[in-house]
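These are the residues of each chain, in order.
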Amino acid sequence: MEIKLLVRSMYNEENLKKLKIIVNEYMKKAYMLDEFVNRSLKSMRWEGIGILMVLDASFTSVGLNYFNTVIPAVMKFKEKFYDTNEIRSFNDIINYDIEKLKSVWKNERSWRAAIGISRVFSNYPGNNDREKIRNWAFSNNIDNFKKEDLSRVNGVGIVTYQYLRIMGGIDTLMPDKIVIKVVNDMLSGSGIILKSSYKNYINYIKETEAIFRSININPVRITWMSWLIDSEARKILSGKFNSVLYLI
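Model, not experiment: these values are computed from the prediction.

Cut-offs used in this document
- Residues numbered from 1 in each chain as written.
- Predicted model: local features only at pLDDT ≥ 70, side-chain atom pairs only at ≥ 80, totals over all residues.
- Heavy atoms only, no water.
- Helix = DSSP H or I, 4+ residues; strand = E, 2+ residues; numbered from the N terminus.
- Rg over C-alpha atoms; globule rule 2.2 N^0.38 Å.
- Buried < 20%, exposed > 50% of the residue type's maximum accessible area, 1.4 Å probe, protein only.
- Contact = heavy atoms within 4.5 Å.
- Areas by Shrake-Rupley, 256 points an atom, 1.4 Å probe, with all protein chains shown as cover.
- Lys, Arg positive; Asp, Glu negative; His and termini not counted.
- Charge placed at Lys NZ, Arg CZ, Asp CG, Glu CD.
- Expected span 1.5 Å × (residues − 1).
- Polar contact = N/O pair within 3.5 Å; in protein donor to acceptor, adjacent residues only side chain to side chain.
- Phe/Tyr/Trp six-rings, centres within 6.5 Å; stacked < 30°, edge-to-face > 60°.
- Lys NZ or Arg CZ within 6 Å of the ring centre and 35° of its normal.
- 1 Å grid on protein atoms, 1.4 Å probe; cavity = no way out; pocket = protein on both sides within 12 Å on 5 of 7 lines; lining within 4 Å.
- Points joined across faces, edges and corners; volume = space filled by probe spheres on them.
- Nonpolar A, V, L, I, M, F, W, Y, C, P; charged D, E, K, R; others polar.
- Salt bridge = Lys/Arg side-chain N within 4 Å of Asp/Glu carboxyl O.

1. So, the overall build of the protein chain
Okay, so step 1: In terms of helices and strands, the protein chain carries 14 helices and zero strands.
Okay, so step 2: The order of α-helices and β-strands along the protein chain, N terminus first, is α-α-α-α-α-α-α-α-α-α-α-α-α-α.
Okay, so step 3: A globule of 248 residues ought to have a C-alpha radius of gyration of about 18 Å, and the protein chain, at 18 Å, matches this closely.
Okay, so step 4: Burial status across the protein chain gives 54% buried among its 248 residues.
Okay, so step 5: Put simply, 70% of the contacts in the protein chain that link residues at least 6 apart link residues at least 24 apart.
Okay, so step 6: Counting only carbon and sulfur atoms, one obtains 49% of the accessible surface of the protein chain, whose full area is about 11600 Å².
Okay, so step 7: Once the 37 positive and 27 negative side-chain charges of the protein chain are each reduced to a mean point, those two points are 3 Å apart.

In structure tokens:
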């Protein structure tokens, strides 16, 4: 309630009402939005397999197309290494030969990021990797990003950090270029002017999350909605990836 009162004291009430209408219209276009959001909050992306969630984040950080490039690579890893019991956990990948891993994804930076992330997560308590990701996510927050071990992993910036927090079950915003564009378009359409710049990611995340929560919209829904209404995502989700939608 305090957040709502604070936001309403900073922004025009009519603009906030207009924003909610705009958000609701956008959400009508987001295919399977509830399923993707719920899966994230329960840390059940990739069937709750921790190493696959980490690879998803590490491969995505390179900036290549998610649906055409990242998903096939994670699936290939799953078939070649996970399903064959070669790599089943964070501990398994930490000391694994990167050259062998390149058979499914050639970018070495991604593998070093994945190994670094896995090393950090392996130190958290849990009966399995899914629990370790969740324990990491719920014991850290965005204000601690620069002080946290994960921020020292080469290749992990605030965007990847936020993506991992989402997969760890946190209701938050991932400020990649797609999400920022959609958020800024919605705010502009409602007449709301942010106090912070999107170039300062942490302040941008905190301010936009406060705004969306003030109108009873979960930030993670904004994140997924932005991805799902992207033209490339809509085209692909309706076609060749129908068979793996339950995984991602």
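2. Remarks on helix α5 (residues 66-82)
Okay, so step 1: Taking 1.5 Å as the rise per residue, α5 with 17 residues should run 24 Å; its terminal C-alpha atoms sit only 20 Å apart, a clear shortfall.
Okay, so step 2: What α5 keeps buried is the set Tyr66, Phe67, Val70, Ile71, Ala73, Val74, Met75, Phe77, Lys78, Phe81 and Tyr82.
Okay, so step 3: The N-capping residue of α5, defined by a side-chain oxygen 3.1 Å from the backbone nitrogen of Phe67, is Asn65.

3. Some thoughts on the packing of aromatic side chains
Okay, so step 1: Applying the stated criterion across every chain yields a total of 13 aromatic pairs.
Okay, so step 2: A ring pair is formed by Phe121 and Trp136, whose centres lie 4.8 Å apart and whose planes are at 45 degrees; its orientation type is tilted. Note that Phe121 is positioned in helix α8 (residues 108-122) and Trp136 in helix α9 (residues 129-138), a separation of 15 residues in sequence. The exposure classification of Phe121 matches that of Trp136, with both residues buried.
Okay, so step 3: Aromatic rings pair up to connect Phe59, Phe77, Phe81, Tyr96, Trp105 and Trp111 into one cluster.
Okay, so step 4: When the ring centre of Tyr26 is taken as origin, the NZ or CZ atom of Lys29, which lies over that ring, is 5.3 Å away.
Okay, so step 5: When the ring centre of Tyr82 is taken as origin, the NZ or CZ atom of Arg88, which lies over that ring, is 3.9 Å away.

4. Remarks on the layout of surface pockets
Okay, so step 1: There is about 620 Å³ of room inside the largest pocket.
Okay, so step 2: Taken together, 28 residues form the lining of the largest pocket, with Thr60, Tyr66, Asp176, Ile178 and Trp227 sitting closest to its centre.
Okay, so step 3: Listing elements by their share of the lining of the largest pocket, those giving two or more residues are α4 (50-60), α5, α10 (158-167), α11 (177-190), α13 (219-228) and α14 (231-237).
Okay, so step 4: Here the residues of the lining of the largest pocket sort into 15 nonpolar, seven polar and six charged.

5. A few points about helix α12 (residues 201-214)
Okay, so step 1: With 14 residues, α12 ought to run about 20 Å at 1.5 Å a step, and its terminal C-alpha atoms sit 20 Å apart, in line with that.
Okay, so step 2: Within α12, 10 of the 14 residues are buried, leaving the element largely enclosed by the surrounding structure.
Okay, so step 3: The complete set of buried residues in α12 reads Ile202, Tyr204, Ile205, Glu207, Thr208, Glu209, Ala210, Ile211, Phe212 and Ser214.
Okay, so step 4: In the segment just after α12, Asn216 is the residue with positive phi, at about 65 degrees.

6. Focus: the pattern of salt bridges
Okay, so step 1: Within this structure, the stated rule accounts for 13 salt bridges.
Okay, so step 2: Across the pair Glu25 and Lys28 runs a salt bridge whose closest N-O atoms are separated by 2.9 Å.
Okay, so step 3: Look at Lys28 and you get exposed, because its relative accessible area is 64%.
Okay, so step 4: Here Arg45 makes a salt bridge to Asp56, at a shortest N to O gap of 3.2 Å. Taken together, the residues span a long stretch of sequence, with Arg45 in the loop between α3 (33-41) and α4 and Asp56 in helix α4 at a distance of 11 residues.
Okay, so step 5: One salt-bridge network, held together by shared partners, links Glu99, Lys102, Glu108 and Arg112.

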